[in-house]
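Secondary and tertiary structure notes
Chain by chain, the residues:
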Amino acid sequence: MSLVQTIDWIALAPPTVVAVTAVAVLLTDLFLPEARKRHLGTIAAAGLALALLTLLPLHRGDRTSFCLADRPDVCSYSADTFAVVIQLIVLGGALIAALLTLPELTRQRGDDAAGALPRGEFWFLLLASASGAALLPAARDLATLVLAMEVTTLPAYALVALRRGDRLGPEAALKFFLTSVVATAVTLLGISFVYAGSGSLFLGGIADGLAAADPALDALIRAGVVLTLVGFAFKTAAVPFHFWVPDTYLGAPLPVAAYLSVVSKTAGLAGLVLVTSVAFAGLGSVWGPVLAVLAALTMTAGNVAALRTRPDRDRSTVRLLAWSSVAQAGYLLVPLAAAGYARDADARSAAIGATVAYAVMYAVVNLGTFAVAAHVAERAGRHRLTDHRGLHDRNPLTALALGFFLLCLAGLPPGIAGLFAKIAVIRSAVQEELAVLAVVAAVNVVIALVYYLRWAALLFRPAAPGPDAALPAAVSTVGGTAASADAAGPVGPAGSAGSVEPGEPGEPGEPEADTASAPAAAAAGRGPRPAAPVAVAIAVTALLALALSVAPQLMLGLTSAGTFF
Amino acid sequence: MSAGALPVLAAVGESGRSVLSPSGVEIVFLLVAVVVLGAAILCVTSRHLVHAALYLVVALGGLAVEYLLLTAEFIAWVQVLIYLGSVVVLLLFGLMLTRAPIGPSPDADSRNKPVALVVALAAAATLVTLVVDAFRTTWIDLSTPHGRSDALGESLFRTWVLPFEALSVLLLAALVGAIVISRARRDDSEEGRR
Amino acid sequence: MHLVHPATLAVLLFCVGLYGVLARRNTVLVLMSVELMLAAVSLNLVAFDVWLADELHSGQVFTLFLIALAAAEIGIGLAIVLLVYRRRGTVALDRLRALRDGPGADEAAEAAGPTDAAARPTAIDAARGQETTTP
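Basis of the calculations
- Residues numbered from 1 in each chain as written.
- Chains lettered and ligands numbered in written order.
- Predicted model: local features only at pLDDT ≥ 70, side-chain atom pairs only at ≥ 80, totals over all residues.
- UniProt positions renumbered as here; feature names shortened; annotations may be inferred.
- Helix = DSSP H or I, 4+ residues; strand = E, 2+ residues; numbered from the N terminus.
- Buried ≥ 20, exposed ≤ 12 C-beta atoms within 10 Å, placed from the backbone.
- Contact = placed C-beta atoms within 7 Å.
- Domains from an automatic or database assignment.
- Nonpolar A, V, L, I, M, F, W, Y, C, P; charged D, E, K, R; others polar.
- Expected span 1.5 Å × (residues − 1).
- Arc of directions from axis to C-beta.
- Axes fitted to C-alpha atoms, helices over the stretch in contact; angles between N-to-C directions.
- Parallel < 35°, antiparallel > 145°, perpendicular 65-115°, else oblique.
- Left-handed = near helix turned anticlockwise from the far one by under 90°.
- Pairing = 2+ DSSP bridges.
- pLDDT = per-residue confidence, 0-100.

Chain C appears in an unreviewed UniProt entry as NADH-quinone oxidoreductase subunit K from Streptomyces lonarensis. Note on chain C: under the UniProt heading Subunit (unreviewed entry), the record states "NDH-1 is composed of 14 different subunits. Subunits NuoA, H, J, K, L, M, N constitute the membrane sector of the complex." The UniProt entry for chain C carries the following text under Catalytic activity (unreviewed entry): "a quinone + NADH + 5 H(+)(in) = a quinol + NAD(+) + 4 H(+)(out)".

In the annotation of an unreviewed UniProt entry, the entry for chain A reads NADH-quinone oxidoreductase subunit N, and the organism field reads Streptomyces lonarensis. Entered under Catalytic activity (unreviewed entry) in the UniProt record, the comment concerning chain A runs "a quinone + NADH + 5 H(+)(in) = a quinol + NAD(+) + 4 H(+)(out)". You can read under Subunit (unreviewed entry) in the UniProt record for chain A the words "NDH-1 is composed of 14 different subunits. Subunits NuoA, H, J, K, L, M, N constitute the membrane sector of the complex."

Digging into the overall build of chain A
Scanning chain A for helices and strands turns up 22 helices and two strands. When each of the 565 residues of chain A is scored for burial, the buried share is 67%. In chain A, of all internal contacts separated by at least 6 residues, the share reaching a separation of at least 24 is 78%.

What about the domain arrangement of chain A?
A common way to report how large an interface is uses the accessible area buried once the components associate. All names here are of chain A. Here chain A is described as being made up of domain 1 (1-174 + 255-279) and domain 2 (282-496 + 503-565). Sorting the residues of the side of domain 1 that touches domain 2 by element identifies helix 3 (81-107) and helix 10 (254-279) as the ones contributing at least two each. In terms of residues, the side of domain 1 that touches domain 2 owes the most to one element, helix 10, which gives 13 residues.

Considerations on the interface of chain C and chain A
Across the contact, 38 residues belong to chain C and 33 residues belong to chain A. At the level of secondary structure, the elements contributing two or more residues to the side of chain C that touches chain A comprise helix 1 (4-23), helix 2 (27-52), helix 3 (58-88) and helix 4 (105-112) of chain C. Top contributing element to the side of chain C that touches chain A by residue count: helix 3 of chain C, with 17 residues. Residue composition of the side of chain C that touches chain A, by class: 26 nonpolar, six polar and six charged.

Details of the UniProt feature "domain: NADH:quinone oxidoreductase/Mrp antiporter transmembrane" (unreviewed entry) in chain A
Taken from the UniProt record, the annotation "domain: NADH:quinone oxidoreductase/Mrp antiporter transmembrane" (unreviewed entry) applies to residues 139-447 of chain A. Secondary structure across residues 139-447 of chain A comprises 79% helix and 0% strand; the distance between its end C-alpha atoms is 37 Å.

Topic: the UniProt feature "transmembrane region" (unreviewed entry) in chain C
All names here are of chain C. The UniProt record marks residues 6-22, 29-52 and 64-85 with the feature "transmembrane region" (unreviewed entry), using the residue numbering of this structure. Counted over residues 29-52, helix gives 100% and strand 0%. Its end C-alpha atoms are 35 Å apart. For residues 64-85, the end-to-end C-alpha separation is 32 Å, with 100% helix and 0% strand making up the annotated structure.

Focus: helix 2 (residues 24-45) of chain B
Residues and elements named next belong to chain B. For helix 2, built from 22 residues, the straight-helix expectation of 32 Å at 1.5 Å per residue is met to within 8% by its first-to-last C-alpha distance of 32 Å. Among the residues making up helix 2, those that are buried are E26, F29, A33, V36, A39, A40, C43 and V44. Seen end-on, helix 2 carries its buried residues on one side only, within an arc spanning 150°. Counted as exposed and oriented over 90 degrees from the buried face of helix 2: G24, I27, L31 and V34.

Remarks on the packing of helix 10 of chain A against helix 12 (residues 316-340) of chain A
All names here are of chain A. For the pair helix 10 and helix 12, interaxial distance at closest approach is 11 Å and the crossing angle is 15°. Here helix 12 runs roughly parallel to helix 10, going by the angle between their axes. Crossing hand, helix 10 versus helix 12: right-handed. Here helix 10 contributes L254, A257, S261, K265, L269, L272, V273, T276 and S277 to the contact with helix 12, which in turn contributes V318, L321, S325, A329, L332, L336, A339 and G340. Residues belonging to the contact of helix 10 with helix 12 are distributed by class as follows: eleven nonpolar, five polar and one charged.

What about the interface of chain B and chain C?
Residue-level contacts link 85 residues of chain B with 70 residues of chain C. The set of elements that each furnish at least two residues to the side of chain B that touches chain C consists of helix 2, helix 3 (49-69), helix 4 (73-97), helix 5 (113-134), helix 6 (149-159), helix 7 (161-182) and helix 8 (186-193) of chain B. Taken together, the residues of the side of chain B that touches chain C break down into 59 nonpolar, 17 polar and nine charged.

Considering the pairing of strand 1 (residues 63-67) of chain A
All names here are of chain A. The buried fraction of strand 1 amounts to five of the five residues, a majority that puts the element mostly inside the structure. Relative to strand 2 (residues 75-79), strand 1 runs antiparallel, the two being bridged by four bridges. In the strand pairing of strand 2, C67 is matched with C75.

Let's talk about unusual backbone geometry
Apart from glycine, the bulk of residues carry a negative phi angle, and the bulk of peptide bonds sit in the trans form. Residues and elements named next belong to chain A. Cis geometry is adopted by the peptide bond preceding P240, which originates at V239 and carries an omega value of -5°. A cis amide bond, omega 5°, links P413 with the succeeding residue P414. Tracing the chain through its elements places P414 in the loop between helix 15 (396-410) and helix 16 (416-431). Unusually for a residue other than glycine, F66 sits at a positive phi of about 55°. A tally of 26 C-beta atoms within 10 Å means that F66 is categorised as buried.

Concerning helix 6 (residues 169-198) of chain A
Residue and element names in this part refer to chain A. The end-to-end C-alpha distance of helix 6 is 42 Å, a good match for the 44 Å that 30 residues give at a rise of 1.5 Å each. A large share of helix 6 lies buried, amounting to 28 of its 30 residues. Looking one or two residues past helix 6, G199 carries a phi angle of roughly 80°, positive in sign.

A closer look at the environment of B:S110
Tracing the backbone shows B:S110 in the loop between helix 4 and helix 5. Judged by the 17 C-beta atoms lying within 10 Å of it, B:S110 falls in the partly exposed class.

Things to note about the confidence of the model for chain A
Scored by pLDDT, chain A has a mean of 84; 88% of the residues are at 70 or more. Low pLDDT, under 50, characterises residues 468-524 of chain A; the stretch is placed with 99 contacts to residues that sit more than four places away or in other chains.

The structure is reproduced here in structure tokens:
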């Protein structure tokens, strides 16, 4: 018997390249003088781009690695279609988050200034987390899966708390950390019960073992299945494990929030798919209903909370995006619940395909929205929804891009990508005769329209003429009746702070730079263009969303039978 | 509830073993289990913060003895080395650096105690019933030791290389993350002096 | 050995840890309770591995990984706790309310800034004051 496992480096390339880049960035940080540290971002982005390129040889989806010596069909790492698509989403998401951070890092005055992010460590932590997220969808045994999940989230705890001197970051990181660790412990208890019932930690082995399990262990196995879902549901931000999301997104730097909302969520979703559809394939009657209830609760809770966000409060953009991402997690769970009721492997594959297709659309569009929010916050600095007012006058292309992203998230034409993704999701529920779930999903789509359209309408409204004009009452009527009265308060003293100079970058953490309704802007016409990396991010995501709208079969092709497992 | 303690107590396995006639190993296991549980309960209820940490040492040390009884010797020593040697030491440092008072601390317990107790008791009742029902007639064969270091090491480096490497990335990330977060800044100490 | 013994001990230990997580206010004590939960799961895994006589030693190897994972998490967890303590002067979980949604949240967030230094001596004084009043 050979002493070592065979390693297929080509299959392993995506996570390996990212991990090696992470260490390379950390080492380079030691040797670069302060003036040259901006190159660290370039190295990190280049590493992520290279990792994306290494996905190309894997498109056929038949490579495996780390297989058992005496059973070559039982492998720890499998670069099949599911793994490659999820790795594409994850690595692309990490690259866009990296692009969003670049302007902020070039602007700050050294690593120890107030509100600064230590550069070398930031890139290392981001890349380490991305390597874990890239490993996860290809993991085919529970040890690798759980560890990959932890490699994805542990650097994220540090990323949330990383900003120097930040008030809210450490508290957000603490809440994120505590809830995440408890969820992991509960998942591990479930895994131990499943291990007792099946005798194996390999996903295929678990499926076989559970099918032939001792009937006395039946209740224990069911409990184990339900408990195992807890940890992955937590990372996907399903209700009732969603309480960490608004707090964490609010306290973290915006690019980190964007990263969490897409990459961490996709990784959690991939974990859920692997655990339910591969390991627990025969127990769909147990996890199907659980996921259906979770999906319904998540969509509703997320949408209702997003509706109640007041647009004029500080950080309302991030709050809205946090609750919106919770609701979107609900839509992502609907086809998974349907997969639990699937009669055969083809139907299950189609349901998983619907989830993955929705994840592709969601990743592209959500990142684009965060990119535009980053640009607007660069100018105004307080992350308020009302700062987006009149964006069309200042940056018409950016405003059009954001309007398109919001329509995709809402599922309305001309956001065709979003529309088709939502249709795929609801159709998967209908095909498995989950009528209640389909109706709940449809109702939630309508509820979500309100706050997405409210935001989109803000973009095309002309900028408020003066600081003493009350913020448009129409903006806040749906959110809260008393909002207009309170809105005049915070805007009044701050709005008179002065005009905006197009070239001057807003400094993070200095709210005096609020210029949302400055009269000079209206007089000057165009606002400042987005910083180059942010502009690239907006352009890339907009083009991808357009491509998915014009050719939806790019993502809907994933729903054809036999693609997955 | 069909599964109760009685069927377990009455169950007789092969070779005539039953729960009511424990072997020597089982007696020692049960005695140490009482110590572990007692220490754990004291750890989560004690109002002296440092005492809680020391009870945790007893609980985790007792678990190491249980591992030895289960013939998992390598795990037992790793448990002592890492859990007792580093995790508890870190916790004690954490208590010290957050100025934990010597003597009872008024902020050790929150107001949720009754709710927490109800939740924990309900969870315990459910899970114990499940476990007892599932393992009514299952015995572990301890005649051949199953956790020898060489067997475990061989398995680790033959079958579990990939998670091992993922773990190394995890540890490096934890190290770098912990160091970069706890680097004291100038304005942190200025606030303390104000 | 009857498998019920280690399995029940593990489950009871897990629930004790769960109580600690929910009932404790000091963050370091919550971390201790999480360690109890993880240790309980490790016991479960080892017991099942020995029972199944797993030739791949999956349970025991996973336990080794879990022990390392617990150490990593405690490391970063304590770093975050220390950072929170330095910035907010307290590690009591119900005092850390700056991020809560709701009408009082913005004011609490504003108050978190300038009164950091004031909060820290207050916490220690409160502890000392209550120590002297309780017999």
